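Residues per chain, in single letters:
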Amino acid sequence: YQRRVHGHMVPDFAPPPGNPDFSPTDSRRYKGNHPVAALFHVLFKIVIIIIYLLGGSLGYVYVFVVVIVFSAIDFWIVKNVTGRVMVALRWWNDILEDGSSQWRFESGDPNTIHTVDSRFFWAVLFGYPVIWVVFTIGSIMSIKYIPLDCAVLGLSCANAWGYFMCRKDAKQKVGEWVTRKAMEGVSRDPELAKSVAVTSLGTLSNAFHSTWQSAHPAGPAGVTSSYMPPAPAMDSQAPPPVRWDMPRY
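Let us look at the structure shown here. (Residues numbered from 1 in each chain as written. Predicted model: local features only at pLDDT ≥ 70, side-chain atom pairs only at ≥ 80, totals over all residues. Heavy atoms only, no water.)

Our next topic: the overall build of the protein chain. From N to C terminus, the protein chain includes six helices and four strands. Overall, the protein chain shows an N-to-C arrangement of helices and strands of β-β-α-α-α-β-β-α-α-α. Restricting the contact set of the protein chain to residue pairs at least 6 apart, pairs at least 24 apart contribute 59%. Accessible area of the protein chain: about 17600 Å², with a carbon and sulfur share of 66%. (Helix = DSSP H or I, 4+ residues; strand = E, 2+ residues; numbered from the N terminus. Contact = heavy atoms within 4.5 Å. Areas by Shrake-Rupley, 256 points an atom, 1.4 Å probe, with all protein chains shown as cover.)

Given below as structure tokens:
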């Protein structure tokens, strides 16, 4: 992206990370890389909330069936589509032969994630259960809606918890990968290992010095009370030391 200034072409601006196709004339309201996935990430949630709020005029049975069906569809789309596309994460739960369950997580390249996609995904994912907590509290006076509220709240919380654990696992894998690569580099280059050791010792020394200074503030004369070993006392009457390299008479 360039523009002409005084007859010369100079860079105009840098495109946002993860969105190289962005241009100053981009009129899209959603600035992420995946507007379709963002639409389906929130579409069924909006429909469910509207139908739930209109429950008094539509009938309880109709609202219950439609809300449960749409909640299941929304759960599947968020779990298998929008999470994988927008934040490169996916989770699932396997049932083992002994009846126990095991969480499994899958993560992609974090460099392909656009900031707008990530913020929109997590805001909607964690904000949706909060809305249903409010609906559940408001349904205390109408007990017949509590099972419906709990069902939708359970599905939304399951997705939120699954992606929360998946993101935590992805960060742990990145940290382990960085540590492994650093150890491989140190093992291949002894000079690098020496440099790392010297830097670490210097950092520890500075930290110890700062801690000592904070624990022992400056005195009234402005001199810090850092520990200094006392100089040995000098006896003015003591004979001078003998120099054995000189001839003795």
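Taken as a whole and judged by the stated rule, the model has three salt bridges. A salt bridge links Arg104 to Asp94; its shortest N-O distance comes to 2.4 Å. One end of the pair, Arg104, is in strand E4 (residues 101-107); the other, Asp94, is in strand E3 (residues 89-95), with ten residues separating them in the sequence. Take Arg104: its relative accessible area is 32%, and that puts it in the partly exposed class. (Salt bridge = Lys/Arg side-chain N within 4 Å of Asp/Glu carboxyl O. Buried < 20%, exposed > 50% of the residue type's maximum accessible area, 1.4 Å probe, protein only.)

Our next topic: the pairing of E3. Sheet analysis places E3 next to E4, joined by seven bridges and oriented antiparallel. When the sheet's bridge partners are listed, Ile95 is paired in E4 with Ser101. The hairpin turn running from E3 into E4, its antiparallel successor, is five residues long, and Gly99 in that turn takes a positive phi close to 95°. (Pairing = 2+ DSSP bridges.)

Glancing now at helix H1 (residues 35-53). Between the first and last C-alpha of H1 there are 27 Å, a value that for 19 residues agrees with the 27 Å anticipated at 1.5 Å per step. The largest bend along H1 measures about 25° and falls at Val42. When H1 is considered as a whole, its buried residues turn out to be Ala37, Ala38, His41, Phe44, Lys45, Ile48, Ile49, Ile51 and Tyr52. (Expected span 1.5 Å × (residues − 1). Bend = angle between axes of the 7 residues up to and from the residue.)

Time to look at the packing of helix H3 (residues 60-86) against helix H4 (residues 115-138). Helix-helix packing: each pair is described by the crossing angle between the helix axes and the interaxial distance. Two numbers describe how H3 lies on H4: the axes approach to 9 Å, and their chain directions differ by 150°. Here H4 runs roughly antiparallel to H3, going by the angle between their axes. Residues Val78, Thr82, Gly83 and Met86 of H3 lie in contact with H4, whose contacting residues are Asp117, Ser118, Phe120, Phe121 and Leu125. (Axes fitted to C-alpha atoms, helices over the stretch in contact; angles between N-to-C directions. Parallel < 35°, antiparallel > 145°, perpendicular 65-115°, else oblique.)

So, on to the nonpolar core. Ranked by internal contacts, the top residues of the largest apolar core, which has 16 residues, are Met86, Leu89, Phe121, Trp122, Leu125 and Tyr163. Listing elements by their share of this core, those giving two or more residues are H1, H3, E3, H4 and helix H5 (146-188). Apart from residues lying up to four places away in sequence, Trp122 is in contact with Val87, Leu89, Tyr163, Phe164 and Arg167. Core analysis: the next-biggest nonpolar cluster, separate from the first, contains 14 residues, Ile48, Val63, Val66 and Val67 among them. (Core = buried A, V, L, I, M, F, W, Y, C linked by side-chain atoms within 4.5 Å.)

Our next topic: the packing of aromatic side chains. The full count for this structure, using the stated rule, is 14 aromatic pairs. Summarising the aromatic geometry, the rings of Phe121 and Trp122 are spaced 5.2 Å apart at their centres and angled 85° between planes, so their arrangement reads as edge-to-face. Looking at Phe121, the relative accessible area reads 0%, which means it is buried. Ring centres of Tyr128 and Trp132 lie 6.3 Å apart, and the angle between their planes is 75°; this geometry places the pair in the edge-to-face category. In this pair, Tyr128 and Trp132 both sit in helix H4, four residues apart, roughly one turn of the helix. Overall, the relative accessible area of 7% leaves Tyr128 in the buried class. A connected cluster of aromatic rings, assembled from ring pairs, spans Tyr52, Tyr60, Phe64, Tyr128, Trp132, Phe135 and Tyr145. One residue, Lys45, lies across the ring of Tyr128, its end atom 5.4 Å from the ring centre. Positioned above the aromatic ring of Trp122 is the side chain of Arg167, whose terminal nitrogen or guanidinium carbon lies 4.2 Å from the ring centre. (Phe/Tyr/Trp six-rings, centres within 6.5 Å; stacked < 30°, edge-to-face > 60°. Lys NZ or Arg CZ within 6 Å of the ring centre and 35° of its normal.)

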